[in-house]
Amino acid sequence: MRQAILIFALVVPAAVLQGQILRARVWLPGFTTQVALDTVTVPEELDAPYGKVYTAVIAAFDELKIPLDTRDSARGVVGNLTLTKRVSLAGSPLSRWLNCGAGITGPNADNWRIYIAVVALLDRVSMSNKTQTRVAMLAGAQDMQGNSKDPVVCASSGALETTMLELVRKRINAP
């Protein structure tokens, strides 16, 4: 009987934890810990099947000229977890998308090296033909003048996430 309880105690936590695995985690400069991208998003329910939304998300990343290093249709993750940029992203200055503070030369986002994770997380909505879509962007910045300054956390303006969702909506509504 004791062996059965011990086996049950070892198996149940593993099964529970499996359901709680976060899909995308990053540890960027300026952050003191790893961040689960699932925790920094706002869900948006789109009236389209999962496959159509998945294809539209890939096309939106392509249109914004953001290279993909993650395309996982089974787990619903599309994006880039290891993007390093300077000056611009998606055809605009980085300061349009991110606030990393400012210095004597202007916004740090436009002058420092920026480490970015940008992903779309997709989930099928049960019993419907809808897809829950969440877009997340986290970033940290490092002064390129040397190590005399600590890296900083950048705050997203929300503009890239909004632009991404607008592009996806356009594509899923197109015939």
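Presented here is an overview of the structure given in this document. (Residues numbered from 1 in each chain as written. Predicted model: local features only at pLDDT ≥ 70, side-chain atom pairs only at ≥ 80, totals over all residues. Heavy atoms only, no water.)

Some remarks on the overall build of the protein
Turning to step 1, where the next piece is worked out: Counting its regular elements, the protein contains five helices and 13 strands.
Turning to step 2, where the next piece is worked out: Expressed as a percentage of contacts within the protein between residues at least 6 apart in sequence, the contacts between residues at least 24 apart total 63%.
Turning to step 3, where the next piece is worked out: When the accessible surface of the protein is summed, it comes to about 10,100 Å², and 55% of that surface belongs to carbon and sulfur atoms. (Helix = DSSP H or I, 4+ residues; strand = E, 2+ residues; numbered from the N terminus. Contact = heavy atoms within 4.5 Å. Areas by Shrake-Rupley, 256 points an atom, 1.4 Å probe, with all protein chains shown as cover.)

Regarding the packing of aromatic side chains
Turning to step 1, where the next piece is worked out: All told, the structure shown has one aromatic pair when counted by the stated rule.
Turning to step 2, where the next piece is worked out: Ring plane angle 15° and centroid distance 6.4 Å describe the contact between Y50 and Y54, whose orientation is recorded as stacked. One end of the pair is Y50 and the other is Y54, both in helix α2 (residues 50-63) and four residues apart, which spans about a single turn. Of the two residues examined, Y50 and Y54, each falls in the buried class.
Turning to step 3, where the next piece is worked out: Residue placement shows R124 over the ring face of Y50; its charged tip is 3.8 Å from the ring centre. (Phe/Tyr/Trp six-rings, centres within 6.5 Å; stacked < 30°, edge-to-face > 60°. Buried < 20%, exposed > 50% of the residue type's maximum accessible area, 1.4 Å probe, protein only. Lys NZ or Arg CZ within 6 Å of the ring centre and 35° of its normal.)

Remarks on α2
Turning to step 1, where the next piece is worked out: For α2, which comprises 14 residues, the first-to-last C-alpha distance of 20 Å matches the rise-based estimate of 20 Å (1.5 Å per residue) to within 8%.
Turning to step 2, where the next piece is worked out: Contact partners of the buried residues in α2: β3 (44-46), β4 (70-72), β5 (77-85), β11 (113-124), β12 (131-142) and α5 (159-173).
Turning to step 3, where the next piece is worked out: Phi turns positive one or two residues past the end of α2, at K65, with a value near 60°. (Expected span 1.5 Å × (residues − 1).)

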